[in-house]
Each structure stands twice: as structure tokens, then as C-alpha cells.
Amino acid sequence: MASTEELKDFIVEAKSKAYVGGGTAQPPSRTGARDIGYQRDRWRYLDSYFGGTDFAGQETVWFGDDTCWVMNYFGHVVRPDLIDAERAGIVIKTALETMYREKRHFLGGMQYRHAYGTYIDNSRGDTEHFSGREVIFVDGEEAYELDYRGGLIVP
């Protein structure tokens, strides 16, 4: 297994190339799933999710044949009168692209103002074990929320 720092660097790279980077869809690994993957050398990443406005998914990282890291998430538009799924997606992608590029990490500590709303991501823990929440506020009201948690897989 590679170091936790190498894992973190790969997660940031993979996330920036997959969902945020408009990665190529892969054949679904489960009926009804939408899958986006990324691979480099011995590293492999898969984001597999269900739904649209309300959605759930799992991101997994393998090093060689070993599963080494997983994150689960569930998100939904809380106030469809303030934001729709398309606009929420634009805010999220722009904010995450900025986080990956500027902060070089994928966990919390991020606030980003966009014309469609203010994105805030807070988390506790680190790559090894974490939980967090991302929200979008529109006109001071919470319009979107997503909860996530994950960490290392230890055999």
C-alpha cells in the first residue's frame, strides 16, 4: 500500500478528473448506477451514484487489486424554489474545482461564493477517517445539502 499522502494526492487528482472534470461515463457497475472512473498506474478510482436531484453514491479507490479507501454520500435539493439540480451542480463543480486546484485537498474548510449561491464544505477527521457536510445557501437560506463520510479500508 502506498502512503496516506500519496493516497490523498491521488484522490484529489481523480476527483478533479472524474465528476468535476467531466470525466467519461463508464458502464454501470450496478443496475441503475451512473459510474465515472479514473486510473493512473496502479491507482484506480470509481464514483458510482444513483439519482439526480436527490442522489446517493460511493467513491472507491484501489491500489492494485486492494480496496484502500471509500467515501459514501447522500445529497438533495432542500429548496427547489431557490435552486434546481442543474444550478446546484454548477456551484458544486466550480467550488470543488477551486478546492482541488488551490487547496490541494478534498475535505472541508471551503467556502465559495457563486452567482447561484454560496457553497460551504465543513468536515472533521482526515483521509483515514472523516465525515462532513456540504451546503449551498441562496439568499441566506439553505437550498442544498450533502452528507458524506469515509476513510481507509483496513482488512
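A quick note: this is a predicted structure, and the numbers were derived from the prediction, not measured. (Residues numbered from 1 in each chain as written. Predicted model: local features only at pLDDT ≥ 70, side-chain atom pairs only at ≥ 80, totals over all residues. Heavy atoms only, no water.)

## Some thoughts on the nonpolar core
- Residues Trp 43, Val 61, Trp 69, Phe 106, Tyr 119 and Ile 136 are the most contacted members of the largest nonpolar core, which totals 40 residues.
- Put simply, the parts of the chain that give this core at least two residues each are helix H1 (4-17), strand E2 (34-40), strand E3 (43-51), strand E4 (54-63), strand E5 (66-77), helix H2 (85-103), strand E8 (129-138) and strand E9 (141-152).
- It is H2 that provides the largest number of residues to this core, a total of 7 residues.
- In contact with Ile 136, other than residues within four places in its own chain, are Ile 83, Ala 88, Val 91, Ile 92, Gly 117, Thr 118, Tyr 119, Glu 141, Glu 142, Ala 143 and Tyr 144. (Core = buried A, V, L, I, M, F, W, Y, C linked by side-chain atoms within 4.5 Å. Buried < 20%, exposed > 50% of the residue type's maximum accessible area, 1.4 Å probe, protein only. Helix = DSSP H or I, 4+ residues; strand = E, 2+ residues; numbered from the N terminus. Contact = heavy atoms within 4.5 Å.)

## Focus on the pairing of strand E6 (residues 110-114)
- Where E6 and strand E7 (residues 117-126) come together, 5 bridges link them in antiparallel fashion. Across the sheet, the residue bridging to Tyr 112 is Tyr 119, located in E7.
- Linking E6 to E7, which pair antiparallel, is a turn of 2 residues. (Pairing = 2+ DSSP bridges.)

## Things to note about the sheet that holds E6
- Spatially, the 9 strands line up as an open sheet ordered E1-E2-E3-E4-E5-E9-E8-E7-E6, and their pairing is antiparallel. Lying at the two open borders of the sheet, with one neighbouring strand each, are strand E1 (25-26) and E6.
- By the bridge criterion, 9 bridges tie E5 to E9 in an arrangement that is antiparallel. Following the sheet pairing, Tyr 73 is matched in E9 by Tyr 148.
- Taken strand by strand, H2 contacts E5, E6, E7, E8 and E9, and its axis lies near 130° from that of E6. (Axes fitted to C-alpha atoms, helices over the stretch in contact; angles between N-to-C directions.)

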